[in-house]
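Given next are the chains, with one letter for each unit.
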Amino acid sequence: MYYLLVAEVAKKAPVSTFNPWILVSIAEFLIIVILTILLFKKNQKKPDEFYVGESIKGYKDAEIDLSNMFNSMFNATILHDALKKKIHPDRFPNDKEKIKVANELTTQLNENKNNIAKMKEIQAMATEKLGITF
Amino acid sequence: MWENIRSWFSDIRERARFLRDWNRNAKDTYVAGIIPVLMEAKITVGCTDFRHQFSRWMAGGFRVKVLSGRAMTREELYEIGQFIIGDDIMVRKLVSNGWDTLEVHDTAGFVGLKWQLRNYTISLPSYPTPPRS
């Protein structure tokens, strides 16, 4: 008896065809569309605009030679001391050309005393231009 | 909001990549016998007095741990730190990635040294720009 009553009440109750979750899904869809538009709009450049990020991209991606730095930490001082004595301009008192080269190399050596890769280049140049053997 | 989330993840990835590159290179050079000690870098809280506007909160310290086998002297630690802060690109990368303090210490001693990275970057000149005529 009770079940019959419930069934009759259920038949008489108005059936709602509107689903409120549709509104939620529409709102979500709109948010996604707006965010997508904003994302692509930001990448569009006007003719007179530029982005700093692009101009410094090469600098940002520049890799630091870490192995050279680690090598320099422990071995640069030894090579620097050896080079400093060998390429000193006072060692070539009679040759003006060599004095000029030695001055230039000494300046470079002082600028790169923490960089062993550069110092090896200086060493090679000293061997070639000044005829020094290490 | 969207941009903030993107940039946050990008920064995290860049810091992790930098740290990974550092540790891998240190390990490779140590294994190859080029350097006599093994070094390891990790992120620490850093020194609050050394903070700058781009510091990462609670993660501004770049600590280099040196597996020395003995207590290193202050001069030896200082020399290692000087080689790091002497590299301009390295300091710029550290500062831009949110680090503000460089710390160097060994595994045996009780002395560690720290540097304020902001002092070793090239900033604007002290005099103001002349006004446009």
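Quick look at the structure, then. Note that the structure is predicted; figures quoted are calculated from it, not measured.

Some thoughts on the packing of aromatic side chains
Inference 1: Under the counting rule described, the total for this entry stands at seven aromatic pairs over all chains.
Inference 2: Ring geometry for A:F70 and B:W22: centres 4.9 Å apart, planes at 80°, overall edge-to-face. You can see A:F70 sitting in helix α5 (residues 66–86) and its partner B:W22 sitting in helix α1 (residues 2–31), one on each of two chains.
Inference 3: Look at B:W22 and B:F62: their rings are 5.3 Å apart centre to centre, the planes differ by 90°, and that puts the pair in the edge-to-face class. With B:W22 in helix α1 and B:F62 in strand β2 (residues 61–67), the pair connects residues that are 40 residues apart, well separated along the chain.

Details of the nonpolar core
Inference 1: Residues B:W22, B:M39, B:F62 and B:I84 are the most contacted members of the largest nonpolar core, which totals 47 residues.
Inference 2: The element that contributes the greatest number of residues to this core is α5(A), accounting for seven residues.
Inference 3: In this structure, B:F62 is in contact with B:F18, B:L19, B:W22, B:A41, B:K42, B:T44, B:L94, B:W99, B:T101, B:L102 and B:E103, ignoring residues within four places of it in sequence.

A few points about α5(A)
Three or four residues apart is the spacing at which side chains of an α-helix point the same way, because the helix has 3.6 residues per turn.
Inference 1: In this model, α5(A) (21 residues) spans 28 Å end to end at C-alpha, consistent with the 30 Å of a helix rising 1.5 Å per residue.
Inference 2: Among the residues of α5(A), those classed as buried are A:L66, A:N68, A:M69, A:F70, A:N71, A:S72, A:M73, A:A76, A:L79, A:H80 and A:L83.
Inference 3: Looking at the buried side of α5(A), the elements it contacts are α6 (96–111) and α7 (116–129) of chain A together with α1, β1 (38–44), α2 (74–85) and α3 (88–96) of chain B.

Here we look at the interface of chain B and chain A
Inference 1: At the junction of the two partners, chain B supplies 24 residues and chain A supplies 20 residues.
Inference 2: Interface area for chain B against chain A, summed over the two sides, is near 2,000 Å², with a carbon-plus-sulfur share of 71%.
Inference 3: The three residues of chain B that bury the most area against chain A are B:W2, B:F83 and B:K93, which together make up 27% of that side's buried surface.
Inference 4: Counting every contact that joins chain B to chain A gives zero salt bridges.
Inference 5: Here the side of chain B that touches chain A takes ten residues from α1(B), the largest share from any one element.
Inference 6: Its residues placed into classes, the side of chain B that touches chain A shows 14 nonpolar, two polar and eight charged.

Topic: the sheet that holds β1(B)
Residue and element names in this part refer to chain B.
Inference 1: The strand order β1-β2-β3-β4 describes an open sheet built from four strands, whose pairing is mixed. Unpaired on one side and paired on the other, β1 and β4 (112–116) mark the two borders of the sheet. Averaged over all pairs of adjacent strands, the angle between their axes in this sheet comes to 20°, without regard to strand direction.
Inference 2: Bridge count for strand β3 (residues 101–106) against β4 is five bridges, and the pairing is antiparallel. Looking at the pairing, L102 lines up with W115 of β4.
Inference 3: Its contacts with the sheet put α1 on β1 and β2, and the angle it makes with β1 is roughly 165°.

What about unusual backbone geometry?
Residue and element names in this part refer to chain B.
Inference 1: With a phi angle near 60°, M58 is a residue other than glycine that sits in the positive phi range.
Inference 2: With respect to the helices, strands and loops of the structure, M58 is situated in the loop between β1 and β2.
Inference 3: Among the residues examined, M58 registers a relative accessible area of 47% and is labelled partly exposed.

Some details on the environment of B:G81
Residues and elements named next belong to chain B.
Inference 1: One can find G81 in helix α2.
Inference 2: The exposure class of G81 is buried, given its relative accessible area of 0%.
Inference 3: Along the backbone, G81 and L102 are 21 residues apart, and their C-alpha atoms lie at a distance of 7.7 Å.
Inference 4: Residues within four places of G81 in sequence aside, it is in contact with L102, V104 and W115.

Some points on the pairing of β3(B)
Inference 1: With five of its six residues buried, β3(B) lies for the most part within the structure.
Inference 2: Between β3(B) and β4(B), which pair antiparallel and follow one another directly, the connecting turn spans five residues.

Scoring rules and cut-offs
Residues numbered from 1 in each chain as written. Chains lettered and ligands numbered in written order. Predicted model: local features only at pLDDT ≥ 70, side-chain atom pairs only at ≥ 80, totals over all residues. Heavy atoms only, no water. Phe/Tyr/Trp six-rings, centres within 6.5 Å; stacked < 30°, edge-to-face > 60°. Helix = DSSP H or I, 4+ residues; strand = E, 2+ residues; numbered from the N terminus. Core = buried A, V, L, I, M, F, W, Y, C linked by side-chain atoms within 4.5 Å. Buried < 20%, exposed > 50% of the residue type's maximum accessible area, 1.4 Å probe, protein only. Contact = heavy atoms within 4.5 Å. Expected span 1.5 Å × (residues − 1). Buried area = accessible area lost by both parts, 1.4 Å probe. Salt bridge = Lys/Arg side-chain N within 4 Å of Asp/Glu carboxyl O. Nonpolar A, V, L, I, M, F, W, Y, C, P; charged D, E, K, R; others polar. Pairing = 2+ DSSP bridges. Axes fitted to C-alpha atoms, helices over the stretch in contact; angles between N-to-C directions.

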